[in-house]
Amino acid sequence: MNSEAQVYSPIIKKRGFCPNPLVVEGIPEYADIRLNPRVEGTAGYEDFWNEQINRCVNGYTTGGLHIPGRYYWYLNFCILSTVGRGNHYAEYVDIDLEFFRLVDQVKKEHKGIIILKKRRGGVSQKFVDGIIDYGMHFTPEGYVGGICAGNSTYSDSLFAKFKMSNSFRPPEFQMHFLYDNMDETQAGWQEKTDVGMVIKGSMNKVLCRTMKMNPAMFKGERLDDAGFEESGEFDKLISAFTATKKCFAIGERMIGTQYIYGTGGNIKSGSEGFKDM
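Residues numbered from 1 in each chain as written. Predicted model: local features only at pLDDT ≥ 70, side-chain atom pairs only at ≥ 80, totals over all residues. Heavy atoms only, no water.

Q: Please give an account of the pairing of strand E7 (residues 177–180) that cites residues and values.
A: Across three bridges, E7 lies against strand E8 (residues 184–187) in antiparallel orientation. Across the sheet, the residue bridging to Phe 177 is Ala 187, located in E8. Adjacent in sequence and paired antiparallel, E7 and E8 are bridged by three residues. (Pairing = 2+ DSSP bridges. Helix = DSSP H or I, 4+ residues; strand = E, 2+ residues; numbered from the N terminus.)

The structure is reproduced here in structure tokens:
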């Protein structure tokens, strides 16, 4: 037995613990424009949605436990689609809290994450909703997220999940897109003014790349986050990881975050890079 092994401390919740109040209680009538469009702009409406934004950005404390903003967003505003259950909200689980705590930690420390996961473990969904979609919504401007894989099936599927998630949001959190194609999408809209059409919005964008032949498909881009989907089947993973490093850096300092994750026991020939990492 390793004497240096850390002893796991259980995460304690006190009475009244409710990390997903929006799912449990729903949007109140005075803040739900889908039920009554006339509430838009009222004091109650503004206060409610400003509070939701604050919780998504700064987190939420319930039952003596602090829920990171990303996890609050994931639990209260993200719809999962799973075999057998269809579309549904995620339930709270400790390991997801630990994941989003880890994301906040590596962003402060300018590091990345490598995850060995089980099949259908939900890591891809957490990356799409809690990392990429979160960044698109809560980064004021200039956010760039990346999705890549060694197989187009994986990269295209993950990109499709990201775009589909927008349709499940309440109107206050639905994004408008300047353009949307198979390779990338950008948030924003065109608005008619006295001086002509003006582009408005965050200009945040998500890039989707398949690196089967060329591992440097992100070359020249600046990235805040990038996920290497199904890394166990990513033939040029290490080359792609190395080529992408400059996209995250300012000089020698890493600013963005790389997420390398794949299914354990699914390391195929030609994709030993994931095992090596």
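Q: Got a sec to walk through the pattern of salt bridges? Specific residues and values, please.
A: Pairs can form between side chains of opposite charge whenever their charged atoms are close. In the structure shown here, the tally under the stated rule is 14 salt bridges. In this structure, Lys 111 and Glu 109 form a salt bridge, with 3.4 Å as the shortest nitrogen-oxygen distance. Its relative accessible area of 49% is what places Lys 111 among the partly exposed residues. The partly exposed category is assigned to Glu 109, whose relative accessible area is 37%. Connected through shared salt-bridge partners, Asp 129, Asp 133 and Arg 169 make up one network. (Salt bridge = Lys/Arg side-chain N within 4 Å of Asp/Glu carboxyl O. Buried < 20%, exposed > 50% of the residue type's maximum accessible area, 1.4 Å probe, protein only.)

Q: Can you tell me about a nonpolar patch on the surface, naming the residues and giving the values?
A: Judged by side-chain polarity, Val 23, Val 24 and Tyr 89 come together as a nonpolar surface patch covering roughly 240 Å² of accessible area. Relative to the helices and strands, Val 23 is located in helix H1 (residues 21–25). (Patch = residues over 30% accessible without salt bridge, like charges linked within 9 Å, V, L, I, M, F, W, Y side chains within 5 Å. Areas by Shrake-Rupley, 256 points an atom, 1.4 Å probe, with all protein chains shown as cover.)

Q: Now, about the packing of helix H3 (residues 69–77) against helix H4 (residues 94–109): what can you tell me, with residues and values included?
A: At a minimum axis separation of 8 Å, H3 and H4 run at an interaxial angle of 140°. Taken together, H3 and H4 sit at an angle that is classed as oblique. H4 is crossed by H3, and the crossing has right-handed handedness. Residues Arg 70, Tyr 71 and Tyr 74 of H3 lie in contact with H4, whose contacting residues are Asp 96, Leu 97, Phe 100, Val 103, Asp 104 and Lys 107. (Axes fitted to C-alpha atoms, helices over the stretch in contact; angles between N-to-C directions. Parallel < 35°, antiparallel > 145°, perpendicular 65-115°, else oblique. Left-handed = near helix turned anticlockwise from the far one by under 90°. Contact = heavy atoms within 4.5 Å.)

Q: Now, about H4: what can you tell me, with residues and values included?
A: In an α-helix, one turn spans 3.6 residues, which is why side chains three or four residues apart end up on the same side. Over its 16 residues, H4 runs 22 Å from end to end, which matches the ideal 22 Å to within 8%, given 1.5 Å per residue. Elements that come into contact with the buried residues of H4 comprise strand E2 (65–67), H3, strand E5 (113–117), helix H5 (123–138) and strand E15 (257–263). Two residues or fewer past H4, His 110 is found with a positive phi of approximately 60°. (Expected span 1.5 Å × (residues − 1).)

Q: Tell me about the side chain of Ser 124, residues and numbers included.
A: Note that Ser 124 resides in helix H5. What makes Ser 124 buried here is its relative accessible area of 9%. Here the side chain of Ser 124 touches Glu 229 through a polar contact of 3.0 Å, side chain to side chain. Beyond its immediate chain neighbours, meaning those up to four positions away, Ser 124 contacts Lys 117, Leu 158, Glu 229 and Tyr 261. (Polar contact = N/O pair within 3.5 Å; in protein donor to acceptor, adjacent residues only side chain to side chain.)

Q: Run through the nonpolar core, naming residues and quoting values.
A: Grouped together as the largest cluster of nonpolar side chains are 50 residues, with contacts concentrated most on Trp 49, Tyr 71, Trp 73, Phe 77, Tyr 92, Phe 127 and Phe 162. By residue number, the principal contributor to this core is H5, which donates eight residues. Sequence-distant contacts of Trp 73, that is, excluding residues within four places in its chain, are made with Cys 56, Cys 78, Asp 129, Asp 133, Tyr 134, His 137, Phe 138, Arg 169 and Phe 173. One finds Val 144, Cys 148, Phe 218 and Ala 240 within the second-largest nonpolar core, a separate group that totals 16 residues. (Core = buried A, V, L, I, M, F, W, Y, C linked by side-chain atoms within 4.5 Å.)

Q: Describe the sheet that holds E8, and please don't skip the residues or the numbers.
A: Pairing within the open sheet is mixed, and its seven strands lie in the order E5-E15-E12-E6-E11-E8-E7. For this open sheet the edge positions go to E5 and E7, each flanked by a neighbour on one side alone. Going from strand to strand, the sheet's axes swing by 10° on average, the running direction of each strand aside. Pairing of strand E6 (residues 144–149) with strand E12 (residues 225–228), which is carried by four bridges, proceeds in the parallel orientation. If you follow Ile 147 over to E12, its bridge partner there is Gly 227. Its contacts with the sheet put helix H7 (residues 237–248) on E12 and E15, and the angle it makes with E15 is roughly 160°.

Q: Can you tell me about H7, naming the residues and giving the values?
A: An ideal rise of 1.5 Å per residue puts 16 Å on 12 residues; H7 measures up with 16 Å between its terminal C-alpha atoms. Among the residues of H7, those classed as buried are Leu 237, Ala 240, Phe 241, Thr 244, Cys 247 and Phe 248. One side of H7 holds all its buried residues, which, seen down the axis, span an arc of 95°. Those residues of H7 hidden inside the fold are in contact with E12, strand E13 (249–250), strand E14 (253–254), E15 and helix H8 (272–276). (Arc of directions from axis to C-beta.)

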